[in-house]
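Each chain is listed here by its residues.
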Amino acid sequence: SLLTRARFFVSAARLDQLPPPGAPEVCFVGRSNSGKSSAINVLAGQKRLAFSSRTPGRTRLINLFSLPDPIDPEQALGFLVDLPGYGYAEVAHKEMAHWGDVLGRYLRERSALAAVVLMLDIRRGLTEQDRNLVHWIAPTQRPVLVLLTKADKLPYGQRMRAVAAIRKELDELGTLRVIPFSATHRIGIEEATTSIETWISP
Ligand code: GDP
């Protein structure tokens with residue numbers, strides 16, 4: 001599939017270091033520890049493409065993964081964009097403000113941005129910062145897919161109740177698609193893959 005051809009393309013510490021906008025980008029956002037890197041890795045069918053927020057180094061950066069055209073691998077059909085995780089209590093206020101600025105500007109100004117994938121831990125639901133983020137994304141009119149991660153941690157009935165409750169809360173904020181997801185138990189992978197591939201090459 002398109003996503004399993006993903007490969008590391010470039011890292012950027014600032015928005016002005018990103019390559020000029022070209023092929024469609026689907027960005028991944030979520031709190032630190034929300035399961036963002038696990039989701040990217042399982043969708044790409046690769047163990048260590050994206051790095052966990054617990055791994056120091058590349059996680060403070062914006063990481064781009066290209067999806068090469070099978071006919072001409074030098075050409076990217078699209079990009080997956082891994083944005084830095086947020087919400088670590090230890091992160092200094094100043095750094096949080098910088099991060100919010102980077103993310104807000106990426107979401108508002110990046111013309112190549114086609115859609116957003118937001119990771120939320122199914123057991124935690126939305127935090128204050130997740131709500132702020134959804135408020136930033138809404139006016140950009142981009143489609144949003146919400147992956148309720150680590151769904152395997154809840155038994156089926158509780159899982160479905162959590163999905164319904166979070167859907168209800170997000171419903172008021174716009175048209176968001178909300179699905180249960182598990183990287184370890186492979187829940188929601190086909191549905192997420194189909195959405196992302198459609199956004200990249202309709
Ligand atoms: P990130 O910081 O948002 O990139 O989160 P990670 O992908 O590194 O995941 C954070 C923690 O949650 C790690 O200990 C993962 O092993 C765990 N985790 C991630 N996805 C799942 C999942 O689908 N199921 C379970 N049970 N644990 C998960």
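Just so we're clear, the structure is a prediction, and the values are computed from it rather than from any experiment. (Residues numbered from 1 in each chain as written. Predicted model: local features only at pLDDT ≥ 70, side-chain atom pairs only at ≥ 80, totals over all residues.)

1. Description of the overall build of the chain
- Within the chain one finds five helices and seven strands.
- Along the chain, helices (α) and strands (β) appear in the sequence β-β-α-β-β-α-β-α-β-α-β-α when read from the amino end.
- Taking 17 Å as the expected radius of gyration for a compact globule of 202 residues, we find that the chain reaches 16 Å, a close match to that expectation.
- In terms of overall dimensions, the chain has a C-alpha envelope of 45 × 40 × 35 Å along the principal axes.
- Counting across all 202 residues of the chain, residues that qualify as buried make up 35%.
- A sequence separation of at least 24 residues applies to 75% of the contacts in the chain between residues at least 6 apart. (Helix = DSSP H or I, 4+ residues; strand = E, 2+ residues; numbered from the N terminus. Rg over C-alpha atoms; globule rule 2.2 N^0.38 Å. Buried ≥ 20, exposed ≤ 12 C-beta atoms within 10 Å, placed from the backbone. Contact = placed C-beta atoms within 7 Å.)

2. A word on the site of the ligand
- Taken together, the neighbourhood of the ligand is formed by 19 residues, with Lys36, Ser37, Ser38, Ser52 and Ser53 sitting nearest.
- At three residues, the largest contribution of residues to the shell around the ligand is made by helix α1 (residues 36-44). (Near = placed C-beta within 6 Å.)

3. Some remarks on the sheet that holds strand β4 (residues 76-82)
- Strand order across the open sheet formed by seven strands is β1-β3-β4-β2-β5-β6-β7, with mixed pairing between neighbours. Two strands close off the open sheet at either side, each with one partner strand: β1 (7-12) and β7 (176-180). In this sheet, neighbouring strand axes are inclined to one another by 25° on average, regardless of whether the strands run parallel or antiparallel.
- In this sheet, β4 lies alongside strand β2 (residues 25-30) in parallel orientation, the contact comprising four bridges. Of the residues in β4, the one forming a bridge with Phe28 is Asp82.
- Along the sheet, α1 makes contact with β2, β4, β5 (113-121) and β6 (144-149), crossing β2 at roughly 145°. (Pairing = 2+ DSSP bridges. Axes fitted to C-alpha atoms, helices over the stretch in contact; angles between N-to-C directions.)

4. Details of helix α5 (residues 189-200)
- Taking 1.5 Å per residue as the helical rise, α5 with its twelve residues ought to reach 16 Å, and the 16 Å between its terminal C-alpha atoms agrees with that figure.
- Taken residue by residue, α5 has Ala192, Ile196, Trp199 and Ile200 as its buried positions. One side of α5 holds all its buried residues, which, seen down the axis, span an arc of 100°. Exposed residues lying more than 90 degrees from the buried face of α5 are Glu190, Thr194 and Thr198. (Expected span 1.5 Å × (residues − 1). Arc of directions from axis to C-beta.)

5. Comments concerning α1
- Taking burial as the measure, the nine residues of α1 include seven buried ones, the bulk of the element.
- If you check which residues of α1 are buried, you get Lys36, Ser37, Ala39, Ile40, Val42, Leu43 and Ala44.
- Looking at the buried residues of α1, the elements they touch are β2, β4, β5, β6 and α5.

6. Re unusual backbone geometry
- In this structure, Asn33 takes a positive phi of about 75° despite not being glycine.
- The topology assignment puts Asn33 in the loop between β2 and α1.
- Residue Asn33 is classed as partly exposed on the basis of its 18 C-beta neighbours within 10 Å.
- In this structure, Lys150 takes a positive phi of about 60° despite not being glycine.
- Note on placement: Lys150 falls in the loop between β6 and α4 (156-171).

7. What about the nonpolar core?
- By size, the foremost hydrophobic cluster in this structure holds 48 residues, and its most contacted members are Phe28, Ala39, Leu118, Val146, Leu147 and Leu148.
- Of the residues forming this core, the biggest block, six residues, is contributed by β5.
- In contact with Leu118, other than residues within four places in its own chain, are Val29, Gly30, Leu133, Val144 and Val146. (Core = buried A, V, L, I, M, F, W, Y, C linked by C-beta atoms within 7 Å.)

8. Here we look at the environment of Asp82
- Positionally, Asp82 belongs in strand β4.
- Once residues lying within four places of it in the same chain are set aside, the contact partners of Asp82 are Phe28, Ile40, Ala50 and Asn63.

9. Focus: the confidence of the model for the chain
- Per-residue pLDDT for the chain averages 90, and the proportion of residues at 70 or more is 93%.
- For this predicted complex, the interface score ipTM comes out at 0.99, while the overall pTM is 0.94. (pLDDT = per-residue confidence, 0-100.)

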